[in-house]
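# Inside the fold
The residues making up each chain are set out below.
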Amino acid sequence: MHNTRHSQVLPTPHVDGRLAVGLFVFTLLAFVAESQLTQHVQTTLAYRQPFFLFYLVHSSFSLIFPLHLLYLLATTDYTTVSLLRGLSLAIANHLAPGQKSTSYRFPRAKFIRLILGCTLGITCPALLWFIAVSLASMTDVTAIWNTNAFFAYLISVKLFKLQWEARRLLAVVLATLGTVAVVYGGSTAPVDKEPSKSGISTTTSLGFRPSAPLIGNLLTLLASFGYGLYQVLYKIYAALPSDPEVAADIAYEQIPDEDDNTISVDPHEAVYPPPFGFHPNLLTSLMGLCTFLVLWIPIPFLHWSGKEPFRLPPNLLTVLSISGIALSGVIFNAGFMVLLGVWGPIIVSVGNLLTIVLVLISDVLFGAGIEVVTFWSLLGSGVIVLAFGVLAYDVFTKKP
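Keep in mind the model is a prediction, meaning the values are calculated, not measured. (Residues numbered from 1 in each chain as written. Predicted model: local features only at pLDDT ≥ 70, side-chain atom pairs only at ≥ 80, totals over all residues. Heavy atoms only, no water.)

Attention now moves to the overall build of the chain. Each helix and strand in the chain was counted, giving 16 helices and two strands. Split into buried and exposed, the 400 residues of the chain put 49% on the buried side. Looking at the chain alone, contacts between residues at least 24 apart form 82% of all its contacts between residues at least 6 apart. (Helix = DSSP H or I, 4+ residues; strand = E, 2+ residues; numbered from the N terminus. Buried < 20%, exposed > 50% of the residue type's maximum accessible area, 1.4 Å probe, protein only. Contact = heavy atoms within 4.5 Å.)

Structure (structure tokens):
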């Protein structure tokens, strides 16, 4: 039985343009749905349990990899054994390079540390985001959150000791100014609240009005920085060299290994390298599983301390809304990984800024009405979009 390079067996993934655009729109809508449902549950339904909501939603991420595996089994001739063996080979070759495909040992300790580190890295920003959406408007939160790509660039320049580039530096400055404008506009927006008999602030018939916009915006800014740091560390330590999101953006390249890590394997025994998105979805699912198994521990302590007294959802509407948050979160994360493989991270990052417009529209239609729109929020959002456009132009016009 002869050895064959995987590239001779598995063709480059191709997705029809209209299907990709449809998936992209669906992914954006899922993000908006997750954001608005999260705010709806914590404000209109008065179920303020940010940590418990985070725990439920991130635990549901464990479904992504099994669903991806079922999709591959249904649409290809691969077997479960060949897919999992190829994935195991790729992880082993990445974490412990230089092993033979016939006698490799899976680095369990390193892999467990990687999963724990990834879980911690994504937990802190996500938890801050869940807290922020109950304090500030979704327009502000979404706009500020999307600056994480610029923080990732700043951190990568420092870690990789890259030279500052004029257009990218301009994009960072524009993003910073845009963020200041959004924070200023959001933090000075008028708030019209009336205390209820239960002590929980109520909103007018128009919907949610920010209760502490400045604090919410600052928490989102901290979360955005944390997520930018997580992206860079993920690309250095977790992502495979064959992952599309690594190969598509030279700014976030991993530090190259001196050894040739290419393995020749029989395609009938292992699918190597793994199909695009398969490895990131495995990590995402394991992070969800780790969240489910470990992060329930703070819940009783939050209850006993009075920081977040635990209570189950009071009615079916709240249960359905929380289920919608979890489902839209799974759809967004899965769709995002597929689009990374089809379009690359820059186009996806730029496109995701449309969530600012979508959330603003949804705030006007279902939230506080036209009053949520301020001059500064419009100006800041526009500047952030312009900054991402400058960054995308710089990437796509740069000669290799």
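The next thing to look at is the confidence of the model for the chain. In the predicted model, the chain carries a mean pLDDT of 74, and 69% of its residues have values of at least 70. Segment residues 187–207 is flagged for pLDDT under 50; beyond a separation of four residues in sequence, or across chains, it makes 23 contacts in the model. Across residues 244–262, where pLDDT falls below 50, the model places 41 contacts with residues more than four positions away in sequence or in other chains. (pLDDT = per-residue confidence, 0-100.)

Let us now look at the nonpolar core. Among the nonpolar cores identified, the biggest contains 29 residues, and Val41, Trp129 and Val141 are the most heavily contacted of them. Among the secondary structure elements, those contributing two or more residues to this core are helix 1 (17–42), helix 2 (50–59), helix 5 (108–132), helix 6 (138–145) and helix 13 (316–343). For this core, the element with the highest residue contribution is helix 2, accounting for six residues. The residues touching Val41, leaving out its near neighbours within four places in the chain, are Ala46, Tyr47, Leu53, Thr318, Ser321, Ile322 and Ile325. Core analysis: the second largest hydrophobic core is formed by 23 residues, Leu83, Leu95, Ile115 and Val271 among them. (Core = buried A, V, L, I, M, F, W, Y, C linked by side-chain atoms within 4.5 Å.)

Cis rather than trans, the peptide bond between Tyr272 and Pro273 has omega equal to -5 degrees. Position of Pro273 among the secondary structure elements: in the loop between helix 10 (244–247) and helix 11 (278–294). We note that Ala46 has phi near 55 degrees; this positive angle belongs to a residue other than glycine. Here Ala46 lies in the loop between helix 1 and helix 2.

Quick look at the packing of aromatic side chains now. Applying the stated criterion to the full structure yields 11 aromatic pairs. Between Phe106 and Phe111, the aromatic rings sit 5.4 Å apart at their centres with planes inclined by 70 degrees, giving edge-to-face as the arrangement. Of the aromatic side chains, those joined through ring pairs into one cluster are Phe51, Phe54, Trp129 and Phe130. (Phe/Tyr/Trp six-rings, centres within 6.5 Å; stacked < 30°, edge-to-face > 60°.)

The N-to-C vectors of helix 5 and helix 9 (residues 213–238) enclose an angle of 160 degrees; their axes lie 8 Å apart at closest approach. Classed by the angle they form, the pair helix 5 and helix 9 counts as roughly antiparallel. At the point where helix 5 passes helix 9, the crossing takes the left-handed sense. For the pair helix 5 and helix 9, the contacting residues are Leu114, Cys118, Gly121, Ile122, Pro125, Leu128, Trp129, Ile131 and Ala132 in the first and Gly216, Leu219, Thr220, Leu222, Ala223, Gly226, Tyr227, Tyr230, Tyr234, Tyr237 and Ala238 in the second. (Axes fitted to C-alpha atoms, helices over the stretch in contact; angles between N-to-C directions. Parallel < 35°, antiparallel > 145°, perpendicular 65-115°, else oblique. Left-handed = near helix turned anticlockwise from the far one by under 90°.)

With that settled, the discussion passes to the side chain of Glu308. Of note, Glu308 is situated in the loop between helix 12 (298–305) and helix 13. One buried charged residue, Glu308, forms no salt bridge at all, with the nearest opposite charge on Arg311 at 8.8 Å. Within the local environment of Glu308, its side chain forms a polar contact with the backbone nitrogen of Phe52, the two atoms lying 3.2 Å apart. Once residues within four sequence positions are removed from consideration, Glu308 is found in contact with Arg48, Gln49, Pro50, Phe51, Phe52, Leu302 and His303. (Lys, Arg positive; Asp, Glu negative; His and termini not counted. Salt bridge = Lys/Arg side-chain N within 4 Å of Asp/Glu carboxyl O. Polar contact = N/O pair within 3.5 Å; in protein donor to acceptor, adjacent residues only side chain to side chain.)

Their axes nearest at 11 Å, the elements helix 4 (residues 80–95) and helix 11 cross at an angle of 85 degrees. When the interaxial angle is binned, helix 4 and helix 11 end up roughly perpendicular. Each of Leu83, Leu87 and Ile91 in helix 4 lies in contact with helix 11, whose residues at this interface are Phe278, His279 and Leu282. For the contact of helix 4 with helix 11, a count of residues per class yields five nonpolar, one polar and no charged. (Nonpolar A, V, L, I, M, F, W, Y, C, P; charged D, E, K, R; others polar.)

The next thing to look at is the side chain of Thr291. Here Thr291 lies in helix 11. Leave out the neighbours within four places in its chain, and Thr291 touches Phe54, Tyr55, His58, Ser59, Thr119 and Trp296.

Together, Leu289, Phe292, Leu293, Val294, Trp296, Ile297, Phe301 and Trp304 make up a nonpolar patch on the protein surface, roughly 870 Å² of accessible area in all. Ranked by residues supplied to the nonpolar patch, first place goes to helix 11 with four residues. Secondary-structure assignment places Ile297 in the loop between helix 11 and helix 12. Ile297 sits in the partly exposed class, given a relative accessible area of 38%. (Patch = residues over 30% accessible without salt bridge, like charges linked within 9 Å, V, L, I, M, F, W, Y side chains within 5 Å. Areas by Shrake-Rupley, 256 points an atom, 1.4 Å probe, with all protein chains shown as cover.)

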